[in-house]
Every structure is written in C-alpha cells, then in structure tokens.
Amino acid sequence: MRRVIVSGDGVSVVSAEVPEPGPGDVLVRTAVAGVCGSDTHALAGLHPFIELPYAPGHEVCGTIEAVGPAVTGVTVGQRVTLEPFLPCWECKQCLAGRQNICERLRFFGCAHDQGGMADYFTIDQRRLHVIPDGLSWEQAAFIEPLGTPVHAVGLAGGVRGKAVAILGAGTIGILTLQVARAYGARRVVMTARSAASRARALEFGADAAIDATGDAVAGVREALGESADVVFDCVAEQSTTDQALGLVMKGGTVVVVGVPPADVRIPLPLIQDAQLRIQGSATYLPADFAESMRLLSSGGVDVSRMVTAAHPLEEAAAAFADAASGRHLKVLLTAV
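Rules and cut-offs
- Residue indices begin from 1 for each chain and proceed along its sequence in written order.
- Only residues with pLDDT of at least 70 are given local features in this predicted model, and only at 80 or more are side-chain atom pairs given and counted; all residues enter the totals for whole chains, interfaces and linings.
- The side-chain quantities take in all heavy atoms of the structure and omit both hydrogens and water.
- Starting at the N terminus, helices and strands are each numbered in turn, a helix being any DSSP run of H or I of at least four residues and a strand any DSSP run of E of at least two.
- Both definitions apply: the radius of gyration is a C-alpha atom measure, and the globule rule equals 2.2 Å times residues to the power 0.38.
- We call two residues in contact whenever any of their non-hydrogen atoms come within 4.5 Å of each other.
- Paired strands, as defined in this entry, are two strands with at least two bridges between them according to DSSP.
- The convention used is that axes are lines fitted to C-alpha atoms, helices contributing only their stretch in contact, and that angles between N-to-C directions extend from 0 to 180 degrees.
- Patch membership requires more than 30% relative accessible area and the absence of a salt bridge. Residues of like charge join within 9 Å; the nonpolar side chains Val, Leu, Ile, Met, Phe, Trp and Tyr join within 5 Å.
- Accessibility throughout is a Shrake-Rupley quantity obtained with a 1.4 Å probe, and a residue counts as covered only by protein chains that appear here.
- A side-chain nitrogen of Lys or Arg and a carboxyl oxygen of Asp or Glu constitute a salt bridge if their distance falls within 4 Å.
- With a 1.4 Å probe rolled over the protein chains alone, any residue whose accessible area is under 20% of its type maximum counts as buried; one over 50% counts as exposed, and the rest are partly exposed.
- An angle below 35 degrees is treated as roughly parallel, one above 145 as roughly antiparallel, one from 65 to 115 as roughly perpendicular, and anything else as oblique.
- Throughout, a crossing is termed right-handed when the near helix is turned clockwise from the far one, and left-handed when it is turned anticlockwise from it by less than a right angle.
- Any residue with an atom within 4 Å of a point lines the site, the site being either a cavity, points on a 1 Å grid over the protein atoms alone where a 1.4 Å probe fits but cannot get out, or a pocket, an open set with protein on both sides within 12 Å along at least 5 of 7 lines.
- Grid points are joined across faces, edges and corners, and a volume is the space filled by probe spheres set on the points.
- Three classes are used: nonpolar for Ala, Val, Leu, Ile, Met, Phe, Trp, Tyr, Cys and Pro, charged for Asp, Glu, Lys and Arg, and polar for all others, with Gly counted as polar.

### Structural notes on the overall build of the protein
Across its full length, the protein carries eleven helices and 17 strands. Here the protein has a C-alpha radius of gyration of 20 Å; the compact-globule value for 336 residues is 20 Å, and the two agree. Projected onto its principal axes, the C-alpha positions of the protein cover 55 × 40 × 40 Å. Of all intrachain contacts in the protein linking residues separated by at least 6 positions in sequence, the fraction that spans at least 24 positions is 68%.

Here you go:
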C-alpha cells in the first residue's frame, strides 16, 4: 500500500505493508484525509509536539475493511471517522472521562507509527465514530476539525447572547465562527492578516473582519461596540495573546484554541485585577464528535464552500504545498 511520510527532506509517498488488525482493532481503507495546519507546521519544524519523520493524517475518514478479534462495536463496510488521540484509559484523567488530556497521551497521525494519509491503517475500535448516511465524504472530513471549536465553545461556557472575537480566519477560525453563530452569539468579529482571509471571514458570516497587523484591539472593540465577552485565539502566538487580553472584558474568557509555536508572556497583574480566565482547549471528546455530526447533518454548519483544493494521495507533496500557501481554506487528499 501507499503511505505518506513527512521528514526533514519534505513529503514523500512510500510503499508499506498493509497492517493487520490486532485484538480490538479494525482495518480501515482511507477515503479522504485533510491536511491540518499542524501538519504544515510540523513540516516547517514549527510544531512543539511533532518530531520528524512522522506518518501524517489525523483528519481522516474511510470504510472498515476488516476487524480483529474481540471487535464488537463496528462491522465491515461501515463508514467511519476517528478521534485520533490515543489515551491509556488508565490514568486519573482517563478515568474521569477526560481522555483528551490523558497523562500518557499518544496521537494517531502525529506521534504514532501510523497515520491516515495511507491506503489503509489500523486503529482501536474505541476511537471510531460511524458516519451518518446523509453526510458525504467531503462533509465527513470536517467532523474531526469541527470537534475542536465545539469543544472550545463548551469550555468557554457557551456564547449565546455574547460578544465574541475570533483571532485567525483559517479553517479552525471559520469553523469557530460557524459554531458561534449556530449557538447564538450576539455579534462575532474576526481578525486576519491578509485581505483575502478577511474577505473570507465576511463571506462566512462575521459581522466584521479586522486587519490583525494594525491596531486590532481598537478595531475589534469598535466593531463589537464593546469589549469581548469571549475571545477564541486560533493562532496562539505572542501578538494574538496580547490582542486577546486587550479585547476581553473584565471577568471575560480567552480560549486558547490554536497550538502555540512557542512560549508567550502574559501580564499576570491584569489577569488578577480584571479577573480574567485563560482557558486552554485540547482537541475534543466523544460528545463533541456527536455534536459535530449533528451540526453538519442539520446544516447548522455548512462546509460546502470550505474545500478549496483536493489531490490524490500520490500528490501529497502538492497538497501540503497548497495548505501551506495561505491561499486555501481546506485541502483534502483522496485515496479512493
């Protein structure tokens, strides 16, 4: 079979043996896999938790081809997607239902010997979710990334009736915008560095889109007509951290959604005096996947215009180049 490998030399497609499902595992034939921002950051050496070389592909959907011994929850022929984090199931976080912050966490397609950018892969049946019949492969490719803003909005305490700022208008930023709208945010303003990204934010329903390279704090506050109740930082670097803290109201919440490429400094006296909450948001949980599928199935989130490039698996290098170019919203690899 074919498998994509990301190394210091770039992106390549290599030949590999089809893996055999062990006890409790299933063999999945990949249909589509999304190129995530974390993948392009890892290729550039900017991801804090991914070491090269690695087998990419955690935004993946496919069809069950075979099941190993003791598999009972799913059957051959079902269309599935997966929660890519691989918990130990035994630490106190796992036992408390917080498998996404397992103390011995591994991650399929990031820090694992397999990834979904391959013809086949094996995975623990406990990580799978059956895709609703009404969703296309293209829609299903967004179940995993959509779980991230669903989880983040939940951690923020909801957004109904609130003034919301979203920093960054990439895939996760646009999905966060749609989730905030679906959940009843009163007003949503976004920031982005490029004019094209700001135009995209408006196209997807932002009330305003502000240049992140200018005085974004003043611009967002003016567009909101007030300070922000909740800020979702989908970039998570020093400049956006500073902007988020300048935007949020006293008693407000900043949710760190993006993966920070490095440490940042925060003004602790402001955090204390304004009683601000800085909330980390790490991936998702099964309930977030279920909600993602509901939002996609109901039309609460519309991804029909979000795939802006698609490549066959053998053109993985071109797909990564497209995803890193800044010209595309979501790039998919197809293996069927």
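This is not the end of the story, as more comes after the structure.
### Concerning the sheet that holds strand β13 (residues 228-233)
Here six strands make up an open sheet; going across it, the order is β12-β11-β10-β13-β14-β15 and the pairing parallel. Both outer strands of the open sheet, β12 (208-211) and β15 (277-280), are each paired with one neighbouring strand and no more. Strand-to-strand twist in this sheet, taken as the mean axis angle between neighbours without regard to direction, amounts to 20°. Pairing of strand β14 (residues 248-256) with β15, which is carried by four bridges, proceeds in the parallel orientation.

### Focus on a nonpolar patch on the surface
Together, V264, I266, L268 and I278 give the surface a local cluster of nonpolar side chains, amounting to about 320 Å² of exposed area. Relative to the helices and strands, L268 is located in helix α9 (residues 268-273). Under the relative-accessibility criterion, L268 is labelled exposed at 56%.

### Considering the packing of helix α7 (residues 216-224) against helix α8 (residues 238-247)
Geometry of a packed helix pair, given as the angle between the helix axes and the separation of the axes. Put simply, α7 and α8 touch, their axes get as near as 9 Å, and they point 40° apart. In terms of orientation, α7 and α8 fall into the oblique class. Of the two possible hands of crossing, α7 and α8 adopt the one that is right-handed. For the pair α7 and α8, contact is made by A216, V217, V220 and R221 and by Q243, G246 and L247, respectively.

### Structural notes on the pattern of salt bridges
Scanning the entire structure with this criterion turns up 13 salt bridges. Of the charged contacts in the structure, one is a salt bridge between R2 and E314, with a shortest N-O distance of 2.7 Å. In this pair, R2 is assigned in strand β1 (residues 2-7) and E314 in the loop between β16 (307-312) and α11 (316-324), connecting sequence segments 312 residues apart. With its nearest N and O atoms 2.2 Å apart, the salt bridge here joins R193 to E237. Placement of R193 in the loop between β11 (187-192) and α6 (195-203) and of E237 in the loop between β13 and α8 is noted, with a sequence separation of 44 residues between them.

### With respect to the layout of surface pockets
Empty space within the second largest pocket amounts to approximately 210 Å³. Together, 14 residues line the second largest pocket, and D25, L86, R106, H112 and D124 are the ones closest to its centre. Among the elements that make up the lining of the second largest pocket, the one with the highest residue count is strand β8 (residues 120-124) (three residues). Split by residue class, the lining of the second largest pocket holds five nonpolar, three polar and six charged.

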